[in-house]
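Structure at a glance
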2 protein chains.
Amino acid sequence: AATEIVIKVPEISLKDLKIQTRGADLSVEINPVIKKYVLELSSPLLGNNLSLEELLRRRLEEVYGLYGTRMGYEALKQLSMIWADLQPNELITLIIWDGKEILSVERGDTSDNLYGVAVDIGTTKVACFLMDLNEGRVLSVSSSSNPQGIFGEDVMSRVAFAMKGKNNLVRLQESVVECINRLLDDCCEKAGLSNEDIYDCCVVGNTCMLHLFLGISPKSLAFSPYWPVIRGGVNLKAGEFRPTLRINPNGMIYVMPSIAGFVGGDNVAVQLACNCFVPDKSVKLILDIGTNTEIVLADKKGIAVCSCASGPAFEGMHIKYGIRAVSGAIDMVSIDPKTKEVRYHTIGEGKPIGICGSGLIDAIAGLINAGLLNKNGTFNVIDNKINRLRIGSTDKWEFVIAWGNETNMGKDIVLTQEDIVEFQKAKAAIHAACKILMRKKNITENDIDRVIIAGAFGEYIDPSNAIITGLLPSVPLEKIETIGNAAGTGAKMVLLSRELRMEAEKLAKRVEYLELSADPEFAHEFVRSMFLK
Amino acid sequence: AATEIVIKVPEISLKDLKIQTRGADLSVEINPVIKKYVLELSSPLLGNNLSLEELLRRRLEEVYGLYGTRMGYEALKQLSMIWADLQPNELITLIIWDGKEILSVERGDTSDNLYGVAVDIGTTKVACFLMDLNEGRVLSVSSSSNPQGIFGEDVMSRVAFAMKGKNNLVRLQESVVECINRLLDDCCEKAGLSNEDIYDCCVVGNTCMLHLFLGISPKSLAFSPYWPVIRGGVNLKAGEFRPTLRINPNGMIYVMPSIAGFVGGDNVAVQLACNCFVPDKSVKLILDIGTNTEIVLADKKGIAVCSCASGPAFEGMHIKYGIRAVSGAIDMVSIDPKTKEVRYHTIGEGKPIGICGSGLIDAIAGLINAGLLNKNGTFNVIDNKINRLRIGSTDKWEFVIAWGNETNMGKDIVLTQEDIVEFQKAKAAIHAACKILMRKKNITENDIDRVIIAGAFGEYIDPSNAIITGLLPSVPLEKIETIGNAAGTGAKMVLLSRELRMEAEKLAKRVEYLELSADPEFAHEFVRSMFLK
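None of these values were measured; they are calculated from a predicted model. (Residues numbered from 1 in each chain as written. Chains lettered and ligands numbered in written order. Predicted model: local features only at pLDDT ≥ 70, side-chain atom pairs only at ≥ 80, totals over all residues. Heavy atoms only, no water.)

Turning one copy of the chain about an axis and sliding it along that axis gives the other copy, so a rotation and a shift relate them. Between chain A and chain B, the superposition needs a rotation of 180° and an axial shift of 0.0 Å, giving an RMSD of 0.1 Å. Taken together, the rotation and translation relating the two chain copies correspond to the operation of a two-fold axis. Within chain A, A:Glu240 has its C-alpha nearest the rotation axis, a separation of 3.1 Å. In this assembly, 100% of the residues forming the interface of chain A have copies in chain B that are likewise at the interface, indicating an isologous arrangement. (Least-squares fit on C-alpha atoms with pLDDT ≥ 70 in both. Contact = heavy atoms within 4.5 Å.)

Residue and element names in this part refer to chain A. Looking at chain A, the domain boundaries give domain 1 (34-107), domain 2 (114-255), domain 3 (281-312 + 423-485 + 495-529) and domain 4 (326-416). Relative placement of domain 1 and domain 2: their C-alpha centres are 32 Å apart. With eleven residues of domain 1 at the interface, the matching set in domain 2 holds seven residues. Here domain 1 and domain 2 share an interface that buries about 860 Å² over both sides, 60% of which is from carbon and sulfur atoms. Of all residues in domain 1, Ile34, Trp97 and Leu103 bury the most surface against domain 2, accounting for 56% of the area lost on that side. Summed over the shared surface of domain 1 and domain 2, the result is one salt bridge. Between Lys237 and Glu101 there is a salt bridge whose closest N-O contact spans 2.7 Å. Taken together, the elements giving at least two residues each to the side of domain 1 that touches domain 2 come down to strand 3 (34-40), helix 2 (73-84), strand 5 (91-97) and strand 6 (101-107). Top element by residues in the side of domain 1 that touches domain 2 is strand 6. It accounts for four residues. (Domains from an automatic or database assignment. Buried area = accessible area lost by both parts, 1.4 Å probe. Salt bridge = Lys/Arg side-chain N within 4 Å of Asp/Glu carboxyl O. Helix = DSSP H or I, 4+ residues; strand = E, 2+ residues; numbered from the N terminus.)

Right, let's talk about unusual backbone geometry for a bit. Both trends apply: most residues other than glycine have a negative phi, and most peptide bonds are in trans. For the bond from A:Arg242 to A:Pro243, the omega torsion is -5°, close enough to zero to count as cis. Secondary-structure assignment places A:Pro243 in the loop between strand 11 (234-237) and strand 12 (252-255). Following B:Ser224, the chain continues to B:Pro225 via a peptide bond in cis, the omega torsion being 10°. By the secondary structure assignment, B:Pro225 is in the loop between helix 5 (207-214) and strand 11 (234-237). Positive phi values are uncommon outside glycine, yet B:Tyr226 reaches one of about 60°. Of note, B:Tyr226 is situated in the loop between helix 5 and strand 11. Despite not being glycine, B:Asn275 shows a phi value in the positive range, around 60°. The topology assignment puts B:Asn275 in the loop between helix 6 (265-273) and strand 13 (284-288).

Turning to the sheet that holds strand 5 (residues 91-97) of chain B, a few remarks are in order. Residue and element names in this part refer to chain B. If you trace the four strands from one edge of the open sheet to the other, you get 3-5-6-4, paired in mixed fashion. Two strands close off the open sheet at either side, each with one partner strand: strand 3 (34-40) and strand 4 (70-71). When strand 4 meets strand 6 (residues 101-107), the two strands line up parallel, connected through two bridges. Paired with Met71 across the strands is Ile102, a residue of strand 6. Across the face of the sheet, helix 2 (residues 73-84) comes into contact with strand 4, strand 5 and strand 6 while running at roughly 25° to strand 6. (Pairing = 2+ DSSP bridges. Axes fitted to C-alpha atoms, helices over the stretch in contact; angles between N-to-C directions.)

Our next topic: the confidence of the model for chain A. Put simply, chain A has an average pLDDT of 91, and 94% of its residues get 70 or more. Every residue in residues 1-24 of chain A is under pLDDT 50, and counting partners more than four places away or in other chains gives 68 contacts. (pLDDT = per-residue confidence, 0-100.)

Attention now goes to the interface of chain A and chain B. Interface size, as often reported, equals the accessible area lost upon joining of the parts. Counting residues at the interface gives 45 residues for chain A and 45 residues for chain B. Summing both sides of the interface, chain A and chain B together bury roughly 4,000 Å²; the carbon and sulfur share of this comes to 64%. Here chain A and chain B share four salt bridges between them. The closest approach of N and O atoms between B:Lys237 and A:Glu240, which form a salt bridge, is 4.0 Å. The interface formed by chain A and chain B contains 16 residue pairs in polar contact (both at pLDDT 80 or more). Element by element, the count of residues in the side of chain A that touches chain B is highest for helix 2 of chain A, at nine residues. (Polar contact = N/O pair within 3.5 Å; in protein donor to acceptor, adjacent residues only side chain to side chain.)

What follows is the structure, given as structure tokens:
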């Protein structure tokens, strides 16, 4: 009974994090990989020599037309225990994976209860979405920062940590699994369910996060040719997985396929959420901006993807007063081109404590528009004798965004010359990667029909400012869309639909991957892209 | 590289047990289900976007023509760790199950080391045979009594125990697995191997023993229609199995298929050892005599099997001075038809402490030949006024086999009237079952080309005495063969040969099972068969 529904993630309020809990709306035909089948096991007849397991599989054929199932070991044990005191006419419910393997046997008709969880492991944040697989509804959401952060802020430092000590890989895996377990407990508590009710868990994340989740050494990602250990989707019995993931031990874990060492299952999920598997004549450019930015260019001839290291500037790192998009972060900035006066907005509307990615982009766009920055990114101090533009403590120029008397800590919040360079490097990497991808596919900015910004970050940036800074290609504003946490949406999609899971596997295989580190043009293009418009 | 070899179990001396360590000689083409493949994983080339796992599977295709393999989760983890410090040109060895699943990855070329274990779980005894799967050689053997005996002597009392308490099934499973683990340790120590070297474990046993080994409730065996929970062969990853079986956790456990609730994997193994899978025009009657006796009748039209409860008399139970075939057991008896004097032989040739199954058969045949027993099994006290035939402590007649001054404990060893009845019931069950099976297949004693006695017990009985007592059908002596522990031999066969494993699965499905409890003729035939010749 497949029904068409709209996945709509409920708006929930998180105290500190503004991001990662909104998803795109998408139509998905509900047909989960794991389903329940209710049967009556009437008493077998003498003379007809069989086993309980065969009787049960025959009933599946008769009642559901389900042929060729096999019975898992744990399900066999359960069947033997249930049979031991089964009442006449009592119903049993089978939990079956992909119409093939009987994972579990439950007493009575439990078909109304069928739950799964979509897990999005980001380098900095982890989110869990508990879903009703009958109705396709998100029941509860829980997220937290990725505890692996204490071992290394970004992917490469975690790879380095994993390689340093014998037990480090185990520590990395245990910390993320323990984090997911806490989120699962929280989701279940919110929804009034038990962890044992969860029979399916779909995990997305970048290639390194997925390796670490699986306890697979990511060392090969550190060295050319940056190959992952595994790219294909991984299906695991929860009971086989160590350390324990707190879902039903007879349930399944599905790890999204990856495309390459630095284009992971999260990007496959994004492509899925952007309907890239549907034949389409339009030209789509999809950017998932983060410390590592994945860029997808899809046209009727196919899909190409590349990845570039864009640094953590948009997450507030390596920026003097940079912070994440938490309460107190300046998330919007405008600079009056005439007076050079600054207006800003903070998350939570309190006194500012720093500036986050979207504020940074606004500020730089403002500085450009106000003629405060030269093309090479240096401050135009000759034309702008204003007290906001001053020489800072390190004898370099800086621009005051918020005066000390306005801020929470009583100190000026400034953008330094180093901050500008940090931004330039990030936008240059993304800009150069877009250029090369477009050149490779023989596409110009004018050919692009849609620019889709995935990731929570994209939702909060001002597209016109992003274009002004050169971060986004110069397309009409109406062509730009944001879709929020599309990776999480993709995870929900494969949780709800067997067909979409197959599409994900196909996508991962057919997407053309462009390795930029091998492309001599990239370095040239990167240097050219350092310039501001 | 399949080579033809002869499995010859080395003669080893067991202190106490005379049985269960000799197997039949059989030609088996060595082609184990688990094999090793050695590869060089030369450095991948840039630009050719793949994963290590794909590279490895491609090499398998190129070097070995092995297509469509999949990689197990644990093997992936191992590959990632080995890759992390793999030297150029260093070899790796893959352990692959059935040409399909890569179970494990080892450093270097370890192809010379490939080991498996055949396990025979009897109701009273457990035996392990450690084998070199390259050479098809048994490296060491270890056996012990089945510790489940403390929970119940026979199959039905263990089923009852399993049903009595919630934790009893677990206790039964743990006790047999712990026993096998001790035998494995012992086998490995004798052969100078580590338990981790064992990648395959083939388990045979009766249906109940296999259920208990797997931790599957045997309750359904206790009630009509006596169906098992599972009949088909079970393939399990050792790492999935609980409690831990001490072989390589990435290795496999194969549990032999069963035919019915009381015709188990041990009988399939016996049929395998008797070459029942080979088309053959001769008529074979195979008896595996024990507490439960399985009888197989094979002719060109097919194979039929039935099972009967023959009681533990042959194992010395329910017989006043009955003991197992241990040191000090009277295992051979002859009675002079004229003088009625008794001669006997004991295992180990010391003073007797009791009488075992083969001695019991000899004694009864001797009593019959000497005219000491009436046709109905009572002692012929009228014609025999001798001091060996006397009224015992329970006011019933008894026959003295050994006088107190000859025995170890200084007490007479006698056969009581109850002992005779106990034997009559056992032989009547077997005799009646044979009759009905033969009638069903329209075969007379004259049509039988071979009578094969399987099981350790069979090796020590005197066939002519067994015929005299009516235990075996009346066929010329040269048609009777004994093949020792054929169940163990069958287990070794499926350990060494993928093809024979498939034959076992096919045999288990195609054999016709006769349920005697449903056959009204059986009760009649049983009563008739109580008479001695």
